[in-house]
Amino acid sequence: MTRPLHLSAALDSPGRLDAGHYAALARIAERATLDFVTLDDSFAAAPQRPDALATLARIAPLTERIGLVPTVTTTHTEPFHTSIALNTLDWVSEGRAGWLVGVSTTEAEARAFGRRPVAPADELWAEAADAAEVAARLWDSWEDDAEIRDTATGRFVDRDKLHYVDFEGRYFSVRGPSITPRPPQGRPVVAVPVAAADLAPDASAAGRARVATAIRHADVVLLDAPDRAARLTAATELRLRSGEHLRILARLDAALPDRAAEERLLAELTAAGTGVDGFHLVPAEPERDLAALAERTAPALRAAGLLRADYPGRTLREHLGLVRPASRYAAAPAAGATDSRTLAEVTR
């Protein structure tokens, strides 16, 4: 039996700065039962765009189930601050946060910060890998039951369940622990963009570094591939290098101006043998294209048994079928045990 597709969509709308616009788009995507939405960001001056993480934090109370995945750039950004911001998004969304890892590659962006000249892209992705490692350690640095909140004794936290991360790397050192409790998901879902060309034998140094970051740290890969054959080859290679835990979503243009375009998209979504777990849809006109997706494409996929009718749980990890990871600093669980608690059990 064919497994249901994992679907997500980009909300990018250059020039739109009002949070209400993005909230409306996210609600349409939620009606289509997409796993998550992304919102791009960068330090470039143009085109005008809102702060992705702040915008999705604003959207969190206006949605109920859909995952919220902003691009957060690691270049010129302290990993401690990145981890806290994403942790906060996970809390305000009740476990629906993700992180699309980005890097800043232009001299103009480097000058805006005035800290250092831009580095080669492969170094930027190596730095991003270290930032993702630090974030994961900081999220783990509070054990799940570290909070006591005992008003009688005045104790808020069990200090024995807070841990130094003591990271020393090429680009920064971070001692920790975090200043916020462990996220509801344990760790927000990490997504990394990868191109099929990055996996080729003649891949660039930047491409190899991007793949290495994905293999070490990603829960989700957003895969750019020119056709189905390249998609299958790249997905197969990613699984050989990373294992079956990775969710691979192929980027797919989703311009839907008419019914013929909708039929073409539906045919692409239902094509067998693509090797991926689903698709990341990139609308041309988000309001129009997401509405068509919710009103016609999603029902057709459900009728074919390729899209669920509702969300399986509260968290983005649950949508994607990913386990909630245990803290690396907590006492080791019994052999074969996994952390399968619900959000309510973790946060009560």
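- As annotated in an unreviewed UniProt entry, the protein carries the name FMNH2-utilizing oxygenase and comes from Streptomyces rubellomurinus.
- Taken directly from UniProt, the Sequence similarities (unreviewed entry) text for the protein runs: "Belongs to the NtaA/SnaA/DszA monooxygenase family."

### Notes on the nonpolar core
Consideration 1: Counting 67 residues, the largest nonpolar core has Trp99, Leu269, Phe279 and Leu281 as its most contacted members.
Consideration 2: Counting residues in each nonpolar core, the second largest holds 11 residues, with Phe36, Val220, Leu249 and Leu322 among its members.

### Details of the pairing of strand 4 (residues 98-102)
Regular strands place side chains that alternate from one sheet face to the opposite one.
Consideration 1: Counting buried positions along strand 4 gives 5 out of 5 residues, so the element sits mostly inside the fold.
Consideration 2: Residues Gly98, Leu100 and Gly102 of strand 4 are buried on one face, and the alternating residues Trp99 and Val101, pointing to the opposite face, are buried as well.
Consideration 3: Summarising the sheet, strand 3 (residues 67-73) and strand 4 pair through 3 bridges and their orientation is parallel. Its bridge partner being in strand 4, valine 72 is matched across the sheet by valine 101.
Consideration 4: Crossover connection from strand 3 via helix 3 (residues 79-92) to parallel strand 4: handedness right-handed.
Consideration 5: Pairing between strand 4 and strand 9 (residues 189-195): 3 bridges, direction parallel.

### Considering the UniProt feature "domain: Luciferase-like" (unreviewed entry) in the protein
Consideration 1: According to UniProt, the positions carrying the feature "domain: Luciferase-like" (unreviewed entry) are residues 17-262.
Consideration 2: For the annotated span residues 17-262, helix accounts for 38% and strand for 19% of the residues, and the straight-line distance between the end C-alpha atoms is 28 Å.

### Things to note about the packing of aromatic side chains
Consideration 1: According to the stated counting rule, one finds 3 aromatic pairs in the structure shown.
Consideration 2: With a centroid separation of 4.6 Å and an interplanar angle of 65°, the aromatic rings of phenylalanine 43 and phenylalanine 113 are classed as edge-to-face. With phenylalanine 43 in the loop between strand 2 (36-39) and helix 2 (52-59) and phenylalanine 113 in helix 4 (residues 107-113), the pair connects residues that are 70 residues apart, well separated along the chain.
Consideration 3: On the basis of an interplanar angle of 85° and a centroid distance of 6.4 Å, the ring pair of tryptophan 99 and tryptophan 139 is categorised as edge-to-face.

### Focus: helix 8 (residues 259-270)
Consideration 1: Here helix 8 is 12 residues long and its end C-alpha atoms lie 16 Å apart, about the 16 Å a rise of 1.5 Å per residue gives.
Consideration 2: Every buried residue belonging to helix 8 is among Ala261, Glu262, Leu265, Leu266, Glu268 and Leu269, and all of these are buried. One face of helix 8 carries all of its buried residues, which in axial projection span an arc of 160°. What points out from helix 8, more than 90 degrees from its buried face, is the exposed set Arg259, Glu263 and Arg264.
Consideration 3: Buried-residue contacts for helix 8 involve strand 1 (6-10), helix 7 (228-242), strand 11 (247-253), strand 12 (278-282) and helix 9 (286-303).

Procedures and definitions
Residues numbered from 1 in each chain as written. Predicted model: local features only at pLDDT ≥ 70, side-chain atom pairs only at ≥ 80, totals over all residues. Heavy atoms only, no water. UniProt positions renumbered as here; feature names shortened; annotations may be inferred. Core = buried A, V, L, I, M, F, W, Y, C linked by side-chain atoms within 4.5 Å. Buried < 20%, exposed > 50% of the residue type's maximum accessible area, 1.4 Å probe, protein only. Helix = DSSP H or I, 4+ residues; strand = E, 2+ residues; numbered from the N terminus. Pairing = 2+ DSSP bridges. Right-handed = clockwise from strand over helix to strand, strands pointing away. Phe/Tyr/Trp six-rings, centres within 6.5 Å; stacked < 30°, edge-to-face > 60°. Expected span 1.5 Å × (residues − 1). Arc of directions from axis to C-beta. Contact = heavy atoms within 4.5 Å.

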